[in-house]
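Summary of the model geometry
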Amino acid sequence: MSNAFDVKQCADRYVAQWNEPDPATRGALIRELWAPGGIQVLIDPPEAIRDAAAALAFPVPPLEVHGHEALDARVTRAYEMFVAPGEHVFRVAGEPFVLLSNVIGVRWSMVSVRDGEVVGGGLDILALDGEGRIRTDHQFIGVS
């Protein structure tokens, strides 16, 4: 991912997977975008998970999914929660950027379909393999 076109295309396809309504198309997109052993790490999990961990005297755990099947389940659940009801879509926010060779940053927003208002967002740091597929995705929700 050495030029701006490739980085933008990668970011657009990354965000598109979260909005894809067709399960078969979504699964195919995940298999195209992600390396077979790809990992997504949710760095700052939801408050309920942080509270439950704290109640057990555990540090705040990052949440991880590994491989195409788990990534498909993760993306599908996010789609069901946020996009399928017809209230929100995800969009790339600003220009994606290169941090290092084969490491890019993608800012995204969750936008209200009704009025276009940004209601959430975050930053994903994607490390890509030699074929441009995602090896690791460190997701920071609420970071702009």
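Just above sits the structure.
Everything in this summary refers to the structure shown in the same document. Computed from a predicted model, the values in this text were never measured in an experiment. Residue positions within a chain follow its written sequence, with the count starting from 1. A pLDDT threshold of at least 70 governs which residues receive local features in this predicted model, and a stricter bar of 80 or more applies before side-chain atom pairs are shown or counted, although totals over entire chains, interfaces and linings include all residues. Computation of side-chain values: all heavy atoms of the structure, hydrogens and water removed.

A few points about the environment of E80
As for its placement among the helices and strands, E80 is situated in helix α4 (residues 67-83). Separated by 61 residues in the primary sequence, E80 and N19 place their C-alpha atoms 9.6 Å from one another. A run of H or I in DSSP becomes a helix once it reaches four residues, and a run of E becomes a strand once it reaches two; helices and strands are each numbered from the N terminus.

Comments concerning helix α2 (residues 23-33)
Only protein chains enter the accessibility calculation, which uses a 1.4 Å probe; a residue whose area is less than 20% of its type maximum is buried, one above 50% is exposed, and one in between is partly exposed. Among all positions of α2, only R26, G27, L29, I30 and L33 are buried. Mapping the buried residues of α2 onto a view down its axis gives an arc of 160°, with all of them on the same face. Working note: the arc is built from the helix axis to C-beta atom directions.

Some points on the pattern of salt bridges
Here, a salt bridge means any Lys or Arg side-chain nitrogen found within 4 Å of an Asp or Glu carboxyl oxygen. Applying the stated rule across the entire model yields 6 salt bridges. Residues R13 and E32 are paired through a salt bridge, measuring 2.9 Å at the closest nitrogen-oxygen approach. A residue pair is termed long-range when its members are at least 10 positions apart, and R13 in helix α1 (residues 4-19) and E32 in helix α2 qualify at 19 residues. Here E131 and R133 are joined by a salt bridge, their closest N and O atoms 3.5 Å apart. Its relative accessible area of 63% is what places E131 among the exposed residues. Shared partners join several salt bridges into a network, and the residues in it are D129, E131 and R133.

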